[in-house]
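The chain contents come next:
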Amino acid sequence: MSEPLLLVERREAVGLIRLNRPRVLNALNTTLVRELADVMEEMDRDDEIRVIVLTGNEKAFAAGADIQEMAETTPVQFVVKQFFADWERIRRIAKPIIASVSGYALGGGNELAMCCDMIVASETARFGQPEINLGVIPGAGGTQRLTKAVGKMKAMELILTGRMMSAQEAFELGLVNRVVPQDKLEEETMALAGEIASKPPIAVRLGKQAVLKALDLTLEHGLHFEQNAFFMLFSSEDQREGMKAFVEKRKPEFKGK
Ligand code: HXC
């Protein structure tokens, strides 16, 4: 039997997914991305899971799309296979996803990390969009998400030179949330995941959606979305509980209702 492409476990309210093609630095082939979307959708439906963590191994989060698989693909095959359909499914996951990155996050690997909602990086992490060196450009959102994350000038440089940047540089540019020592990566990621998992899940979900809208909409439309989400939360039990607990000076107990 061949090794599973993903190792999946649950740790309390956190669903942990580990990319598992270590021999090719977790290169993302189409089967892996499909299975990843399947597992994430399952976790999205599972009421016991509140936060998803996506990680790789010490050497690589993912060194990009699988170049071997991609090299001979024709444009028509990309269209017929709907090459990016599973990436779209990942984009639509409602629960927060934290990428926990050690080693290489390159090309599609960096794009996958950027599809997540937060990135915790080890000091050894290396981020980049090296597609230019292969005669192409990023295809899974890299030109768009990197530009929104770090601004036009830096994104232009990174995409046109293909150079890798350190975790520290990525942190300074606002691409990653935290840089931690390699041996603390899992602990720090799980601490962040646990903190978010303790918050009221419906508000977390709408908070994620609203922040993503900011990347997409005009201020006018974004504010409209935010206000409606804000109003909607006043129909949740968690809003009653959160505000009551504050007034009663006790810890709230959120139920996701
Ligand atoms: C297929 C890959 C791979 C990839 C590494 N490997 N990256 N296989 N696709 N993206 C394989 C190597 O062929 C090698 O297999 C094994 O993993 C170990 O890699 P090495 O190169 O020997 O390791 P090292 O010398 O440490 O160099 C690490 C590296 C280098 C700098 C990360 O592997 C590299 O440059 N990889 C390609 C990075 C890249 O260009 N990514 C963008 C891909 S395009 P063997 O069998 O020889 O041991 C892309 C487009 C996205 O992502 C579009 C949408 C999805």
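These notes cover the structure that comes with them. As the structure is a computational prediction, the values presented were derived from the model and not from experiment.

## Quick word on the overall build of the protein
The secondary structure content of the protein amounts to 12 helices and 10 strands. For 257 residues, the compact-globule estimate of 2.2 N^0.38 gives 18 Å, and the C-alpha radius of gyration of the protein, at 19 Å, lies within 12% of that figure. Considered along the principal axes of its C-alpha atoms, the protein spans approximately 60 × 45 × 40 Å. Within the protein, contacts between residues separated by at least 24 positions form 67% of all contacts whose residues are at least 6 apart in sequence. Element-wise, carbon and sulfur atoms account for 56% of the exposed surface of the protein, whose accessible area totals about 14,300 Å². Charge separation in the protein, taken as the distance between the mean sites of 33 positive and 37 negative side-chain charges, equals 3 Å.

## A word on the site of the ligand
The full set close to the ligand counts 24 residues, and Lys 59, Ala 63, Ala 65, Ile 67 and Gly 108 are the nearest of them. At 3.0 Å from an oxygen atom of the ligand is found a side-chain nitrogen or oxygen belonging to Lys 59. For the ligand, whose accessible area on its own is 1,000 Å², the fraction buried by protein is 64%. Secondary-structure elements contributing two or more residues to the shell around the ligand are helix 2 (67–70), strand 6 (104–106) and helix 5 (108–115). Of the residues assigned to the shell around the ligand, the class counts are 15 nonpolar, four polar and five charged.

## Comments concerning the environment of Arg 250
One can find Arg 250 in the segment after helix 12 (237–247). Using a relative accessible area of 34% as the deciding quantity, one classes Arg 250 as partly exposed. Along the backbone, Arg 250 and Ala 62 are 188 residues apart, and their C-alpha atoms lie at a distance of 43 Å. Other than its neighbours up to four places away in sequence, Arg 250 contacts Glu 241, Lys 244 and Ala 245.

## Notes on the packing of aromatic side chains
With the rule as written, the count across this model stands at four aromatic pairs. With a centroid separation of 4.8 Å and an interplanar angle of 75°, the aromatic rings of Phe 78 and Phe 83 are classed as edge-to-face. Take Phe 83: its relative accessible area is 17%, and that puts it in the buried class. Connected via pairs of aromatic rings, a cluster forms that spans Phe 78, Phe 83 and Phe 84.

## Considering the nonpolar core
Among the nonpolar cores identified, the biggest contains 44 residues, and Leu 54 and Phe 127 are the most heavily contacted of them. Not counting residues within four places of it along the chain, the set of residues in contact with Leu 54 comprises Ile 17, Leu 19, Leu 36, Met 40, Phe 61, Ile 97, Ile 98, Ala 99, Ser 100, Leu 112 and Cys 116. Membership of the second largest hydrophobic core comes to 15 residues, among which are Leu 16, Val 180, Met 190 and Val 204.

## Some words on the side chain of Ser 236
Mapped onto the secondary structure, Ser 236 falls in the loop between helix 11 (219–233) and helix 12. In this structure the side chain of Ser 236 is engaged in a polar contact, spanning 2.7 Å, whose partner is the backbone oxygen of Leu 233. A distance of 3.1 Å separates a polar side-chain atom of Ser 236 from the backbone nitrogen of Gln 239.

## Digging into helix 10 (residues 201–214)
An α-helical turn contains 3.6 residues, so a residue and the one three or four places further along point in the same direction. Under the 1.5 Å per step criterion, the end-to-end length of helix 10 is 20 Å for 14 residues, consistent within 8% with the ideal 20 Å. Within the sequence span of helix 10, burial applies to Val 204, Leu 206 and Lys 208. Contacts from the buried residues of helix 10 go to strand 5 (97–101), helix 9 (185–197) and helix 11.

## A look at the pairing of strand 3 (residues 51–55)
Where burial is concerned, most of strand 3 is hidden: five out of the five residues are buried. Neither face of strand 3 is open: one carries Val 51, Val 53 and Thr 55, the other Ile 52 and Leu 54, and all of them are buried. Pairing of strand 2 (residues 14–19) with strand 3 involves five bridges; the strand directions are parallel. When the sheet's bridge partners are listed, Leu 16 is paired in strand 3 with Val 53. One crossover worth recording links strand 2 to the parallel strand 3 by way of helix 1 (residues 30–45), and it is right-handed. Where strand 3 and strand 5 come together, four bridges link them in parallel fashion.

## Quick word on the pattern of salt bridges
Across all of its chains, the model carries 18 salt bridges by this definition. One salt bridge in this structure joins Lys 208 and Asp 117, with 2.8 Å as the shortest N-O distance. In this pair, Lys 208 sits in helix 10 while Asp 117 sits in the loop between helix 5 and strand 7 (118–122), placing the two residues 91 residues apart along the sequence. The salt bridge involving Arg 163 is made with Glu 169; its shortest N-O contact spans 2.8 Å.

The rules behind these values
Residues numbered from 1 in each chain as written. Predicted model: local features only at pLDDT ≥ 70, side-chain atom pairs only at ≥ 80, totals over all residues. Heavy atoms only, no water. Helix = DSSP H or I, 4+ residues; strand = E, 2+ residues; numbered from the N terminus. Rg over C-alpha atoms; globule rule 2.2 N^0.38 Å. Contact = heavy atoms within 4.5 Å. Areas by Shrake-Rupley, 256 points an atom, 1.4 Å probe, with all protein chains shown as cover. Lys, Arg positive; Asp, Glu negative; His and termini not counted. Charge placed at Lys NZ, Arg CZ, Asp CG, Glu CD. Near = heavy atom within 4 Å. Polar contact = N/O pair within 3.5 Å; in protein donor to acceptor, adjacent residues only side chain to side chain. Nonpolar A, V, L, I, M, F, W, Y, C, P; charged D, E, K, R; others polar. Buried < 20%, exposed > 50% of the residue type's maximum accessible area, 1.4 Å probe, protein only. Phe/Tyr/Trp six-rings, centres within 6.5 Å; stacked < 30°, edge-to-face > 60°. Core = buried A, V, L, I, M, F, W, Y, C linked by side-chain atoms within 4.5 Å. Expected span 1.5 Å × (residues − 1). Pairing = 2+ DSSP bridges. Right-handed = clockwise from strand over helix to strand, strands pointing away. Salt bridge = Lys/Arg side-chain N within 4 Å of Asp/Glu carboxyl O.

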